[in-house]
Amino acid sequence: MSAVLVILQKEWADLRRHRLLMLSMMAPAVVFLLLPFALVILVPLLDPSGWNDRNVQRMAELLGRAEPDLRRMDPLLVFHIYIFRQFTLMFLLIPILGALSIATYSIVGEKQNRTLEPLLATPIRTTELLWGKSLAAALPATLLTWITFGFYVLLMRVLSPAEVLAHVVNPVGLSLIFLIGPLVAILSLGLGVIVSSRAKDPRTAQQIGVLLILPIMALFIMQMRGFFLLRARWVWLGAAVLLALDVIILKIGARLFQRETILTRWT
Amino acid sequence: MITTRELTKVYDGKVAVEALTMEIRSGEIFGLLGPNGAGKTTTVRMLAALISPTSGEAVIGGYRVGEQNAAIRRLVGIVTEAPGLYERLSARENLEIYAKLYGVSNVARQVEKYLHLLELWDRRDDPVGTFSKGMKQKLALARALVHEPRVLLLDEPTSGLDPQMTKVVRDFIADLKGQGRTILLCTHNLDEAERLCDRILVLKTRPIALDTPQALRRRLFGRRIIVTLEAVTDRILERVRTLDFVLDVQQEDRRLVIALSDPERQNPILVRALVEVGAAIRFLTEEEHSLEEIYLRLIEEEGGMPVLPSASDRAEASSAR
Ligand SMILES: Nc1ncnc2c1ncn2[C@@H]1O[C@H](COP(=O)(O)OP(=O)(O)OP(=O)(O)O)[C@@H](O)[C@H]1O
Ligand SMILES: [Mg+2]
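The notes below deal with the structure included here.

Cut-offs applied
Residues numbered from 1 in each chain as written. Chains lettered and ligands numbered in written order. Predicted model: local features only at pLDDT ≥ 70, side-chain atom pairs only at ≥ 80, totals over all residues. Heavy atoms only, no water. Salt bridge = Lys/Arg side-chain N within 4 Å of Asp/Glu carboxyl O. Helix = DSSP H or I, 4+ residues; strand = E, 2+ residues; numbered from the N terminus. Buried < 20%, exposed > 50% of the residue type's maximum accessible area, 1.4 Å probe, protein only. Near = heavy atom within 4 Å. Polar contact = N/O pair within 3.5 Å; in protein donor to acceptor, adjacent residues only side chain to side chain. Areas by Shrake-Rupley, 256 points an atom, 1.4 Å probe, with all protein chains shown as cover. Nonpolar A, V, L, I, M, F, W, Y, C, P; charged D, E, K, R; others polar. Contact = heavy atoms within 4.5 Å. Pairing = 2+ DSSP bridges. Axes fitted to C-alpha atoms, helices over the stretch in contact; angles between N-to-C directions. Core = buried A, V, L, I, M, F, W, Y, C linked by side-chain atoms within 4.5 Å. Donors = N, O, S within 2.8 Å, 3.2 Å for Na, K, Ca; no water.

### Some remarks on the pattern of salt bridges
Then, in step 1: Scanning the model with the defined rule gives 27 salt bridges over all chains in all.
Then, in step 2: Residue R45(B) pairs with E117(A) through a salt bridge whose shortest N-O separation is 2.8 Å. Within this pair, whereas R45(B) is found in helix α1 (residues 40-47), its partner E117(A) is found in helix α6 (residues 116-120), the two belonging to separate chains.
Then, in step 3: Judged by relative accessible area, E117(A) falls into the buried class, the value being 9%.
Then, in step 4: Put simply, E260(A) and K9(B) hold a salt bridge, and the shortest N to O gap is 2.5 Å. Here K9(B) lies in strand β1 (residues 2-11) and E260(A) lies in helix α13 (residues 259-264), a pairing that spans two chains.
Then, in step 5: Residue K9(B) is classed as buried on the basis of its relative accessible area of 5%.

Structure below.
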C-alpha cells in the first residue's frame, strides 16, 4: 500500500478517537447551519414591523440594482436571501478552522508525543508524509463544509419559499463552497504546517487561524454594510489568487518538512 | 555490518560526536556506553539515516549513510529514546502502520508474531495510552522488529523500567542476538552493557575505549588478588613484602590486596610463603572490578587516555584518536 494512504488511514483512525477535536470542528458547522434559520424565522416574529429597517432596505436596494428580479419580490424573501448569502460566506470558516486544527494537531501532536522519530526512520519519503498529513486535514475539512452546505440547502428547501433557494445556490454561492472552500482549506493547512514546525502547543499554532478568519469576516461585514456585493467574476479571481498562494505556502511547508529539520530544529 | 570512519556531528557549532571510528561485526551486540550528552542518540540517528553526519562516513550493510538512505532505513530497526507510540491507537494498529510503511508482505502474520513474542497479544486491541511503561517499551521493540531488520539500533531500551521488566527486555534482546541480528545498544547502565554486550565502546563525544567488558577491566586495573586470612600479623605482611614478584600490598582489615603480574604462576608460591609464616588462609580470589568503576575511571581520565586498545581494535582506535 502506498505510504500516503497508510498515513491517511492512521491520521483518520486517530482523529476518530479524538472527541474534542471532532467536536471543535463540528461546532462551527452546526452554528453556521442553524443561525441563519434562527435569524430569518425569529427576527420577523419578534419584531413584526421593525425588522425591515433602513439598513435592510438599503441592502435590498443594492441587491435589486444588481439583480432586477429581486426588486419585484416580497421584502421578507429578499431578507431571507440576504441572510442566507451572508452565511454562505461564513461557511468558509468551516474548512479554515477544520483544516487548521487537524493539521496543527497532527503535527504538533506527533512532536509532543515524539512519534515522528520512529516514523521518519521508516523508508517513507518526507513528501509522502506531508501529502498524507495534508490530505488527512484537507479532505475531512472540505467534506464537512460540503455536507453542512447540503443540509443548508435541504433546510432552505423545507423552511423557505422556493425562489429563495435559487438565489442562494447561484454561481457565487456554489463557487464559494466548491471552489474557494477547498482552496482555503489547503491554505489553512499549509500555514498550519509552517507554524507547527515552530509551535510547541497545538493551540498556539491555531492562533494563526485569525490571519485567515479576518479577511472572511471583513468580506462578511463589508457586504453586510452594503459596500459591495460579491460577483461570480470576483470570486473566480479570488480563487486564482488563492491557488497561487496555496502553491507558495505548500512549497514553504515542504521545505520545512525535512527529516533532519524536524528532528533537530523543531524543538 | 556497521563501520564508521571519523564520524562527526556538529550542531550549530556544538560538537555532539567527534571522530567516531568503529566496526560493529555481524551478529554481535555492541554497546555504546556514555554519560548524558555523550552523543549516543546522535550516533544512532546518524546510523538510522535520520540526520546527516557533518563529516566522516558510516556504512551499514554495505550502504553508505547520506547516499543510500532508503536502503539503510529498510535494513535497520530502531527503538528510539522515547517509545513514540500512537496512544489513541491500539497495539495492533501501531504495529500495522509500521509493517505497512516498511512494506512487509504479510502484515497480519508479522504483527501477530511479535504481539505474541512480546506477550502483548491479550492487550492487542487496547489503546496504547492505557499501557504501562514496560508494555510500551515492549511494543516499541516489536515495532522495531516487525520488518525483520538485520540491524537493530536500541537507544536505552530499559531506561525507566522496573527490575522485572528490565530483565524481560534484556532477555529478549539476548535472544535476538541468537537470531543473527547485529545490535547496537546504547545505555548508561553498566550492568546491562556487561551482561549483554560482546564489546563496548565508551563514548564521551569522542570514543574513549573499545573492547570486551573483561578486557576493559583488565586493561585499567592490572590484576590483583585478595587473600582473606584469619588474622593479619606484621610477620605475614613482612613476608609478603619480601617476595620479589609482589608489586604492591595493601591491608584492608583481615584482607590483603596484592598486585601481581602473573597470578597463575605466582599464587602457589605466595600461598606457600603465607603458610610458612603461619597464616590461616580462608579465601583467595581475584579482585573483580565492576564495570561501574571502569567506566567512571575512563570518563574521569578522558583526555588523558591511559587506555591502550587491544590488538584487534588498535587500527580502529588509533584513527579514532
Ligand atoms: N538538536 C540538537 N541541537 C543542538 N544540540 C543537540 C541536539 N541534539 C543533541 N544535541 C547535543 O549533542 C550532544 C549529544 O547529545 P545526545 O542526545 O546524542 O546524547 P546522549 O548520549 O544520547 O545523551 P542521553 O544519555 O542524555 O540520552 C549533547 O550535548 C546535546 O546537547
Ligand atoms: Mg540519548
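The discussion continues.
### Side note on the site of ligand 1
Residue and element names in this part refer to chain B.
Then, in step 1: For ligand 1, the set of nearby residues contains 15 residues, the closest of which are K14, G37, T41, T42 and E81.
Then, in step 2: Contact distances for ligand 1 include 2.7 Å between an oxygen atom and a side-chain N or O atom of K14.
Then, in step 3: In isolation ligand 1 exposes 630 Å². Once the protein is present, 73% of that is buried.
Then, in step 4: Of all the secondary structure elements, the ones that give two or more residues to the shell around ligand 1 are β2 (14-24) and α1.
Then, in step 5: No other element matches α1, which puts 3 residues into the shell around ligand 1.
Then, in step 6: Here the shell around ligand 1 is built from residues that sort into 4 nonpolar, 7 polar and 4 charged.

### Observations concerning the side chain of T42(B)
Residues and elements named next belong to chain B.
Then, in step 1: The residue T42 is located in helix α1 in this model.
Then, in step 2: For T42, the side chain forms a polar contact with the side chain of Y11, separated by 3.5 Å.
Then, in step 3: Each residue touching T42, except ones within four places of it in the same chain, is listed here: K9, Y11, A16, V17 and I51.

### Examining the sheet that holds strand β14 (residues 281-286) of chain B
Residues and elements named next belong to chain B.
Then, in step 1: The strand order across the open sheet formed by 4 strands is β12-β13-β11-β14, and the pairing between neighbours is antiparallel. A single partner strand is all that each edge strand has here, and the edge strands are β12 (246-252) and β14. Direction aside, the axes of adjacent strands within the sheet are offset by 20 degrees on average.
Then, in step 2: With 5 bridges joining them, strand β11 (residues 223-229) and β14 adopt antiparallel strand pairing. Across the sheet, the residue bridging to L229 is I281, located in β14.
Then, in step 3: The strands that helix α9 (residues 234-242) touches are β11, β12 and β13 (255-260); relative to β12, the one it contacts most, it runs at about 160 degrees.
Then, in step 4: Against the sheet, helix α10 (residues 263-276) touches β11, β13 and β14, its axis set at about 25 degrees to β11.

### Looking at the nonpolar core
Then, in step 1: Grouped together as the largest cluster of nonpolar side chains are 167 residues, with contacts concentrated most on Y152(A), I60(B), L139(B), L153(B) and V202(B).
Then, in step 2: Tallying contributions element by element places helix α9 (residues 171-196) of chain A first for this core, with 12 residues.
Then, in step 3: Apart from the residues within four sequence positions on either side, V202(B) is in contact with L33(B), P207(B), I208(B), A209(B), L216(B), Y295(B), L298(B) and I299(B).
Then, in step 4: Counting residues in hydrophobic clusters, the runner-up holds 19 residues, among them V232(B), V249(B), L260(B) and L274(B).

### A closer look at the coordination of the magnesium ion (ligand 2)
All names here are of chain B.
Then, in step 1: Donor atoms from the polypeptide that bind the magnesium ion (ligand 2) are T41 (OG1) and E81 (OE), placed at 1.9 to 2.2 Å. Remark: E81 occurs in the loop between β6 (76-79) and α3 (91-101) and T41 occurs in helix α1; sequence separation between them is 40 residues.
Then, in step 2: A relative accessible area of 34% means that E81 is categorised as partly exposed.

This is a description of form; function is not addressed.
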